[in-house]
Amino acid sequence: MAGHSRKISIDKIRGFGNAGPKSQNATPSTTVSNTGGRKPSFTKTHHRKTSSVNSVNSNVLAEQFDRDREGIIRSCFAKHLDPATKQILNQYFTHVRIIEDSKYPSSRPSKDSSLTNKKKRVLIVSFNKQLKQVQLHKARQNSDGSFQIGRTWLLKELQCIEKDEQVAEGFTVTLGKVYYWETHTAKERLFFIKTLIKIYMDHFNEHVPVLKNWDLGLFYLDEQSYQRAVISQTPF
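What you see is a predicted model; the values in this text were computed from it and never measured.

Draft legend 1. Up close: the overall build of the chain. Helix and strand counts for the chain stand at 4 helices and 10 strands. When the helices and strands of the chain are placed in sequence order, the string is α-β-β-α-β-β-β-β-β-β-β-α-β-α. Counting across all 236 residues of the chain, residues that qualify as buried make up 37%. Pairs at least 24 residues apart make up 50% of the contacts formed inside the chain by residues separated by at least 6 positions. Summed over all atoms, the accessible surface of the chain reaches about 14600 Å², with 51% contributed by carbon and sulfur.

Draft legend 2. Unusual backbone geometry, seen in detail. Its identity is not glycine, yet Asn213 carries a phi of approximately 70°, on the positive side. Tracing the backbone shows Asn213 in the loop between strand 10 (210-212) and helix 4 (223-229). Exposure remark for Asn213: the relative accessible area of 34% places this residue in the partly exposed category. Phi at Tyr220 is positive, roughly 60°, even though this residue is not glycine. By the secondary structure assignment, Tyr220 is in the loop between strand 10 and helix 4.

Draft legend 3. Spotlight on helix 3 (residues 186-203). For helix 3, built from 18 residues, the straight-helix expectation of 26 Å at 1.5 Å per residue is met to within 8% by its first-to-last C-alpha distance of 26 Å. Every buried residue of helix 3 is listed here: Glu188, Arg189, Phe192, Ile193, Leu196, Ile197, Ile199, Tyr200 and Met201. Phi turns positive one or two residues past the end of helix 3, at Asn205, with a value near 55°.

Draft legend 4. Spotlight on the confidence of the model for the chain. Here the chain averages 84 in pLDDT, and 75% of its residues register 70 or above. Confidence drops under pLDDT 50 across residues 16-43; counting only partners more than four residues distant or on other chains, this segment forms 25 contacts.

Draft legend 5. Just the nonpolar core, in detail. Residues Ile161, Trp181, Val208 and Leu211 are the most contacted members of the largest nonpolar core, which totals 34 residues. Where this core is concerned, the elements lending two or more residues are strand 3 (90-101), strand 4 (118-128), strand 5 (133-141), strand 8 (170-175), strand 9 (177-183), helix 3 and helix 4. Ranked by residue count, the leading element in this core is helix 3, at 7 residues. Filtering out sequence-adjacent residues up to four positions away, Trp181 remains in contact with Ile98, Ile99, Glu100, Leu123, Lys138, Trp153, Glu169, Gly170, Phe171, Val173 and Leu175. Listed in part, the 8 residues of the second largest apolar core include Ile72, Cys76, Ala139 and Phe147.

Draft legend 6. Fine view of the environment of Asn90. The topology assignment puts Asn90 in strand 3. We classify Asn90 as buried; its relative accessible area is 11%. Residues Asn90 and Val134, 44 residues apart in the sequence, show an inter-C-alpha distance of 9.1 Å. Apart from the residues within four sequence positions on either side, Asn90 is in contact with Phe77, Ser126, Phe127, Asn128, Gln135 and His137. Polar contacts involving the side chain of Asn90 include one to the side chain of Asn128, which spans 3.5 Å. A polar contact is formed between the side chain of Asn90 and the side chain of Gln135, at a distance of 3.0 Å.

Draft legend 7. Inspection of the pairing of strand 6 (residues 147-154) at higher detail. Inspection of the sheet shows strand 5 paired to strand 6 by 7 bridges, in the antiparallel sense. The residue of strand 6 that forms the bridge with Leu136 is Trp153. Hairpin connection of strand 5 to strand 6: 5 residues between the antiparallel strands, including Gly145 at a positive phi of 95°.

Draft legend 8. Main features of the sheet that holds strand 7 (residues 160-163). Strands sit in the order 6-5-4-3-9-8-7-10 across an open sheet of 8 strands; the sheet is mixed. Edge positions in the open sheet fall to strand 6 and strand 10, since each of these has one partner strand only. When the angles between neighbouring strand axes are averaged without regard to direction, this sheet yields 30°. Packing of helix 3 onto the sheet brings it into contact with strand 3, strand 4, strand 5, strand 7, strand 8, strand 9 and strand 10, and relative to strand 3 it is tilted by some 140°.

Analysis parameters
Residues numbered from 1 in each chain as written. Predicted model: local features only at pLDDT ≥ 70, side-chain atom pairs only at ≥ 80, totals over all residues. Heavy atoms only, no water. Helix = DSSP H or I, 4+ residues; strand = E, 2+ residues; numbered from the N terminus. Buried < 20%, exposed > 50% of the residue type's maximum accessible area, 1.4 Å probe, protein only. Contact = heavy atoms within 4.5 Å. Areas by Shrake-Rupley, 256 points an atom, 1.4 Å probe, with all protein chains shown as cover. Expected span 1.5 Å × (residues − 1). pLDDT = per-residue confidence, 0-100. Core = buried A, V, L, I, M, F, W, Y, C linked by side-chain atoms within 4.5 Å. Polar contact = N/O pair within 3.5 Å; in protein donor to acceptor, adjacent residues only side chain to side chain. Pairing = 2+ DSSP bridges. Axes fitted to C-alpha atoms, helices over the stretch in contact; angles between N-to-C directions.

See the structure below:
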């Protein structure tokens, strides 16, 4: 029961604790066997329910992403204007919600790490028109719903991204120091990392940081093209 309670608590940290009651087990449908008998089958009903749940989850994520994007631009960027052009200084690119563990900032947290160590944060990627540099920000969401940036790196500082093969949402990044973060879902991790690498390649002459444990095909690379593109040291 202890493990079950912890799973529920982690889901609440990720924001899915109030998603409503779990659906009941699928009601068996029946199929006719070759011998004329009847046997229970869960296949079709389960498939329909799974497809429906996946669709709902995708819609929820998309709606949350749009709300966050609007809030991030309004809170973090809209008020900061280029003195010369009077236009917004930072062009928003993308973002993702993450969880970090204050006791394990650089590695996968222990399973018994207290929930009080879990901090909800947001990673934001933008382009600073004044610096002419892509930036990676780490922000928090305040109680009034606004977002506040607490830390900023230049994307050119990114040296390595490693996929956690044991935790579907986990990954580490090397930005001078190593940081371990978890997205709320595996789908969000995949989308964010693919987008981040696309931005990196677009701005740094098709180079990529070191990519550990990732399927290179996600980034339209094979081993040969990856070896040509990967940075050994930050050359920018």
